[in-house]
Structure formats: structure tokens, C-alpha cells
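# Results of the structural survey
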Number of protein chains: 2
Amino acid sequence: MQPTGTSEPHRLRSTPSWLLTQTAAHAGRLVSAALDRHHARGYHYRLLAALDDTGPASQADLGRHSGIDRSDIVSTLNDLADRHLVRRDPDPDDRRRNLVSITTAGRRELTHLQQALDTAQEALLAPLDTAQRHELVRLLGILLTHHKAPKG
Amino acid sequence: MQPTGTSEPHRLRSTPSWLLTQTAAHAGRLVSAALDRHHARGYHYRLLAALDDTGPASQADLGRHSGIDRSDIVSTLNDLADRHLVRRDPDPDDRRRNLVSITTAGRRELTHLQQALDTAQEALLAPLDTAQRHELVRLLGILLTHHKAPKG
DNA sequence: GGTGATACGTTGGTCGGGCCAACATTGGTG
DNA sequence: CACCAATGTTGGCCCGACCAACGTATCACC
């Protein structure tokens, strides 16, 4: 691979943050395309997934769980509620909170999104064998854990 | 990994694209903060780095080289030119092209940005040992190569 | 040599994800 | 009771990644 025409500067090619953001961009394109076919975006999936994992929860909790800002939760939830994939009921025990729960249709939709996502993962990781995939996930997991709990 | 309080859904935690985009987000925050101290953004660094690597080049070539859209090259180059970090001269051999070259001040600025970025990389990769860092870079490189040359 | 396709720089948008500030309401604690 | 913290919501901002369109210039082909 000589400096033939159009490859990245080696300066960037060996910069971890560049590799990360670029690979993430590719991943994002695959994921967006997959979700788009179901008229959904990343936030929609994330919220449904979080909801399915935790059961009914307040919007603030959902936000913390999925890494989405409180304010972004609102509009995403509006979308999902409009399509009846989610229900928003006042929490009787704390009138500040909304108790958000996933509906049957929501769970069904989540299944579809999940399938689409799984396919996208496969496309993303195509050039890696099983061991490499696990190693990648492991390394990324270490980084993620480290940078989200800096207090330790 | 028990459902302890406020961690991500395991569903997401084992999804490569999620790990990638989240880690990339953390990386992006570190990098942005580092560049911000020099009043620069990612595009500024990328362009300077590409320019320093390739030598004087047309905007289109710079775009291909750095993965930045032609249209975004324009405004970024405007910024850099305003600060005299870059020069834009008409290419005598092809009057469609601008020949963009990095100035001495630009090269000096690039050095500063590079130092800031190196520090950010270190912070980003802190929890990984040397072997793990290399492995991560290697795996990401494989993915990147694969997804940018789908013809192979 | 003329003509049609292609490349270039530029303008002016769009979109998604990640943020932040502010405010009213409600809850807990001194 | 007074105060502070949390919640939902509105309305904004930024950055990176794109896309369509246009005028100008160049190239390839007949």
C-alpha cells in the first residue's frame, strides 16, 4: 500500500481517536440505514431497549440508563408515544415523575429493530473472526467502563 | 455484571456498534476539549495533518485524503486561511483547482495541536497496556480498511 | 474542433447525536 | 417552614457528516 493517491495520512491512521471516530462513523451509517428502514433512529432503539431491560421507569432513569439527555428523552418519547410503542403515565408515588412503559406493539417493534441491528453488526464486523470480535468488544468495554467511572 | 443501579442495558453493552459509538463519543470529548484550548476543531487538525502529510494539494484531494466533504473543506480552509495557517493559490496547471499549502505558522500550530492530541490519546487509552493498545488499533484498522474499500 | 461528460470550488442547506440553561412543579430535609 | 434537589419540558447550541445545485474549467471522444 504505497502512498497511491487517496489513502489517509499515516498520521491519522495511527491515531486511536481517529480510528475510533471513523469506525464509529461507518458503524453509524450501517446502523442508521438499518433503523431507517423501520423509520426509526438510534434514540428510538436505545430507549425501547432500555425500557425493555429495566421495565417501566421514569424518564430521568431512562436517560441515565441509555446515556441520553433528559431533554432528548422527551422528544424521542413523544415520537414513540405517537406511534403507541410506549405509554407515559403519571407516577402515583411521585407526581414529578412519568412512569414510562413499553407496549406490546413497542416490544414487537423492538424485536424488528433488534433483528435489523444484528444484521448491521454482522456487516460491521465482517472482516473479523470470532476471537477478534470478542477482543474488540472486550477492549472497548474496558475503555467505556474506565471513562464512565472516573471517580474510581 | 448485575443490574447494579445505573449501568447500560446489557443489550447495548454487548452491541459492537454501541460500544464503538460510545467510546468514540468519549474520545471525541477528550479530543474536542484538547483542541478547544487551541481554538481549533477536529476538521482544522485533520486538514493541517493531511496537508502536512501530502504537501500542497487541491481541496478535492485534501477532502479525499482526510475524509472530509468538499463543501466542509471550504469553510474549514477559510478559517485556517484567515489565521494564516494555510495558503490558497490558484493551480497554474489546472485552473479549476486551488493549490493549498501549509504555512510555517500552520506547521507550528499543527505541532501544538499534535501535542495536545497525543495527551488526549494517552488519557483515552489509559486503562490499556501497550499490547492492548496495539491490538485495538490493529482491529480498528482492519474494520476501517474493509469498510472503505468494499470493492475488494 | 466541437460537444458531452467529468471534475472542481462554492453556496446553502439537512440531519443526528450530544449537550446546556432555564423554569415550574414536586419531593425531601434541615 | 425554608431550602435544596430532582423531574419533565422548552428552546436553544455545536460538531461532524452529508447532499443538491451551480458556474467554471478540463478532458475524452468523435
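Per an unreviewed UniProt entry, the recorded name for chain A is DNA-binding transcriptional regulator, MarR family, and the organism is Micromonospora phaseoli.

### A short note on the layout of surface pockets
Here the idea is plain: a probe the size of a water molecule rolls over the atoms and shows the empty space left. In this structure, the largest pocket encloses a volume near 680 Å³. Surrounding the largest pocket, 32 residues form its lining, Trp18 and Gln22 of chain A together with Arg46, Gly67 and Ile68 of chain B being those nearest its centre. With seven residues, helix α2 (residues 16-36) of chain A is the single largest residue contributor to the lining of the largest pocket. Partitioned by chemical class, the residues of the lining of the largest pocket number 12 nonpolar, 12 polar and eight charged.

### A word on the protein's contact with DNA strand C
Near DNA strand C there are 24 residues, and of these Arg46 and Ser71 of chain A together with Arg29, Gln59 and Ala60 of chain B occur at the shortest range. Among all atoms of DNA strand C positioned within 4 Å of the protein, those belonging to sugar or phosphate total 67%. Between a base nitrogen of DNA strand C and a side-chain N or O atom of Ser71 of chain A, the distance comes to 2.5 Å. Separating a base oxygen of DNA strand C from a side-chain N or O atom of Ser71 of chain B is a distance of 3.3 Å. Secondary-structure elements contributing two or more residues to the surface near DNA strand C are α3 (42-54) and α5 (70-82) of chain A together with α2 (16-36), α4 (59-66) and α5 (70-82) of chain B. Looking at the surface near DNA strand C, its residues break down into three nonpolar, seven polar and 14 charged.

### So, the UniProt feature "domain: HTH marR-type" (unreviewed entry) in chain A
UniProt marks residues 13-145 of chain A with the feature "domain: HTH marR-type" (unreviewed entry), using the numbering shown here. End C-alpha atoms of residues 13-145 of chain A are separated by 25 Å, and the span's content is 71% helix alongside 8% strand.

### Some remarks on the interface of chain A and chain B
Taken together, the contact pairs 56 residues of chain A with 56 residues of chain B. With both sides pooled, the region where chain A packs onto chain B buries about 5,500 Å², and carbon together with sulfur makes up 68% of that total. Viewed at the interface, chain B and chain A are joined by zero salt bridges. Run the count over chain A and chain B and you get eight residue pairs in polar contact (both at pLDDT 80 or more). Sorting the residues of the side of chain A that touches chain B by element identifies α1 (10-13), α2, α3, α4 (59-66), α6 (104-125) and α7 (130-148) of chain A as the ones contributing at least two each.

### Some thoughts on the environment of Ala81 of chain B
Residues and elements named next belong to chain B. For Ala81, the position within the fold is in helix α5. By relative accessible area, Ala81 is classed as partly exposed at 25%. In the structure, Ala81 is positioned 19 residues away from Val100 in sequence and 9.7 Å away in space, judged by C-alpha atoms.

### Looking at the relation of the copies chain A and chain B
With an axial shift of 0.0 Å and an RMSD of 0.1 Å, the rotation relating chain A to chain B amounts to 180°. What the rotation and shift describe, once combined, is the action of a two-fold rotation axis. Comparing interface residues between copies, 100% of those in chain A also sit at the interface in chain B, which points to an isologous, same-surface contact.

Conventions adopted
Residues numbered from 1 in each chain as written. Chains lettered and ligands numbered in written order. Predicted model: local features only at pLDDT ≥ 70, side-chain atom pairs only at ≥ 80, totals over all residues. Heavy atoms only, no water. 1 Å grid on protein atoms, 1.4 Å probe; cavity = no way out; pocket = protein on both sides within 12 Å on 5 of 7 lines; lining within 4 Å. Points joined across faces, edges and corners; volume = space filled by probe spheres on them. Helix = DSSP H or I, 4+ residues; strand = E, 2+ residues; numbered from the N terminus. Nonpolar A, V, L, I, M, F, W, Y, C, P; charged D, E, K, R; others polar. Near = heavy atom within 4 Å. Polar contact = N/O pair within 3.5 Å; in protein donor to acceptor, adjacent residues only side chain to side chain. UniProt positions renumbered as here; feature names shortened; annotations may be inferred. Contact = heavy atoms within 4.5 Å. Buried area = accessible area lost by both parts, 1.4 Å probe. Salt bridge = Lys/Arg side-chain N within 4 Å of Asp/Glu carboxyl O. Buried < 20%, exposed > 50% of the residue type's maximum accessible area, 1.4 Å probe, protein only. Least-squares fit on C-alpha atoms with pLDDT ≥ 70 in both.

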